[in-house]
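# Per-entry structural report
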Amino acid sequence: METEKTGRPAAFFDFDKTLLSTNSAKLGLWYLWRRGHLSSRFGFSVLVASIFYKQNLISEEAMARYMIRFYKGKTIAPFAAGAEEFYHSVMKPHLAPRLLARARAHKSLGHVLVLLSGSIRYYLEPVARDVGFDHLISTELEEGPGGVLTGRPRVLCVDANKKLLMTKLAEAENLDLSRSSAYGNHQADIPMLSAVGHPYAVEPTRPLRKKAREMGWPILTFR
């Protein structure tokens, strides 16, 4: 006799270059630079680091930690205040149509929608509300005395830690990962994709494309 499964299926979506067709940090840095919040020196250093990242010479975690250094000595309030405008005017036009349709299809089937991203929570919250995600798991900034940001993460949602955070949510919310779907674009998403019954590689990097072909995972385009 087959055991009845009581856990609900979920759909986990990575954000950068998955639900969003480009990199949100790139959009964010340009947005901040135009408003005078970003120095040319830091912007150039990020550009150099991103070149190394694209060549797989530094890890996703190392890149994320470097980017977060921008917030050291600042407070979150002014950034959070501009998050809604940043989403609607800058990020929303870059939402990938096919992935957005997939998210809505999962929602219509009663699946639990989870936005699972290494990007920073304050600017993902408007995305989660607008698209209708049930949960947001993301990188969160560490605050020191007086709410001053330390330039370090309180939660870092990248690489294998992304799978760990996903598993904790599944346990807390009684989600059945074997019946769930996940969407990612980067080889750092392989642990997350391997944890579900229905993984999808979206416009994958070369290492992820190779893994997807080996495993028989569907490969999706943005449109």
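Above this note sits the structure.
The notes below deal with the structure included here.

The rules behind these values
The residue numbering used here restarts from 1 in each chain and proceeds along that chain's sequence as written. Under the rules for a predicted model, residues below a pLDDT of 70 receive no local features and side-chain atom pairs below 80 are neither given nor counted, while totals for whole chains, interfaces and linings still include all residues. The side-chain figures draw on all heavy atoms in the structure; neither hydrogens nor water molecules are used. Grouping into patches uses exposed residues only, defined as over 30% relative accessible area, and leaves out salt-bridged ones; the cut-off is 9 Å for like charges and 5 Å for nonpolar side chains (Val, Leu, Ile, Met, Phe, Trp, Tyr). All accessible areas in this document rest on Shrake-Rupley with a 1.4 Å probe, and a residue is counted as covered only by the protein chains that are shown. When a carboxyl oxygen of Asp or Glu is within 4 Å of a side-chain nitrogen of Lys or Arg, the pair counts as a salt bridge. The numbering of helices and of strands both runs from the N terminus, where a helix is a DSSP run of H or I of at least 4 residues and a strand a run of E of at least 2. For each residue, the accessible area found with a 1.4 Å probe, counting protein chains only, is set against the maximum for its type, and the residue is called buried under 20%, exposed over 50%, and partly exposed in between. What a helix should span is 1.5 Å times the count of its residues minus one. An arc is given here, and it is the one of the directions from the helix axis to the C-beta atoms. All axes are obtained by fitting lines to C-alpha atoms, using only the stretch in contact for helices, and the reported angles, taken between N-to-C directions, cover 0 to 180 degrees. Geometric relationships in this document are graded by angle, where less than 35 degrees denotes roughly parallel, more than 145 denotes roughly antiparallel, 65 to 115 denotes roughly perpendicular, and other angles denote oblique. By convention, the crossing between two helices is left-handed when the near helix turns anticlockwise from the far helix through less than a right angle, and right-handed when the turn is clockwise. Pairs of residues are marked as contacts when any of their non-hydrogen atoms sit within 4.5 Å. Under the scheme applied here, ten amino acids are nonpolar (Ala, Val, Leu, Ile, Met, Phe, Trp, Tyr, Cys and Pro), four are charged (Asp, Glu, Lys and Arg), and all others, including Gly, are polar. Note: two strands are recorded as paired if DSSP finds a minimum of 2 bridges between them. Charge counting follows a simple rule: Lys and Arg are positive, Asp and Glu are negative, and His as well as the terminal groups are ignored.

A cluster of nonpolar residues, Val48, Phe52 and Leu57, forms a patch on the protein surface that exposes about 270 Å² of accessible area. Structurally, Val48 is set in helix α2 (residues 40-54). The partly exposed category is assigned to Val48, whose relative accessible area is 32%.

Turning our attention to helix α8 (residues 159-173). Spanning 15 residues, α8 covers 22 Å between terminal C-alpha atoms, matching the ideal 21 Å at 1.5 Å per step. Along α8, the positions that sit buried rather than exposed are Lys162, Leu165, Met166, Leu169 and Ala170. Across the axial projection of α8, the buried residues extend over an arc of 140°, all falling on one side. Across α8 from its buried face, at more than 90 degrees, point the exposed residues Ala160, Glu171 and Ala172.

For the rest of this paragraph, the subject is the packing of helix α1 (residues 24-34) against helix α5 (residues 83-91). Where α1 contacts α5, the two axes come as close as 11 Å, and the packing angle between them is 110°. Considering their axes alone, α1 and α5 lie roughly perpendicular with respect to each other. At the point where α1 passes α5, the crossing takes the right-handed sense. Listed contacts from α5 to Ser24, Leu27, Gly28, Tyr31 and Arg34 of α1 are Glu85, Phe86, Val90 and Met91. When the residues that make up the contact of α1 with α5 are grouped by side-chain class, the tally is 5 nonpolar, 2 polar and 2 charged.

What follows is about the sheet that holds strand β4 (residues 149-155). Think of a sheet as strands paired side by side through backbone hydrogen bonds, with each pair either parallel or antiparallel. What the 7 strands build is an open sheet, ordered β4-β3-β2-β1-β5-β6-β7; its pairing is mixed. What marks the edges here is a single partner per strand, and that holds for β4 and β7 (219-220). This element, helix α3 (residues 60-68), spans β2 (112-120), β3 (135-143) and β4 of the sheet and lies at about 145° to β4. Packed on one face of the sheet, α8 meets β1 (10-13), β2, β3, β4 and β5 (181-184) and runs near 150° to β2.

Turning next to the pairing of β1. Across the two faces of β1 the burial is the same, with Ala10 and Phe12 and Ala11 and Phe13 all buried. Two strands pair when backbone bridges link them, and β1 and β5 are joined in this way by 3 bridges, in the parallel orientation. Considered in β5, the bridge of Phe12 is made with Ala182.

The next point concerns the pattern of salt bridges. Within this structure, the stated rule accounts for 10 salt bridges. Among the salt bridges present, the one from Arg65 reaches Glu61, with a minimum N-O distance of 3.1 Å. With Arg65 and Glu61 both in helix α3 and 4 residues apart, this pair spans about one turn of that helix. Among the residues examined, Glu61 registers a relative accessible area of 32% and is labelled partly exposed. Residues joined in a network through salt bridges with shared partners are Arg121, Glu125, Glu140 and Arg154.

The next thing to look at is the side chain of Glu60. Within the secondary structure, Glu60 is located in helix α3. Put simply, Glu60 is tucked away with no salt bridge, and the nearest opposite charge, on Lys162, sits 5.1 Å away. Sequence-distant contacts of Glu60, that is, excluding residues within four places in its chain, are made with Tyr53, Val158, Asp159 and Ala188.

Scope: geometric values only; no functional claims are made or implied.
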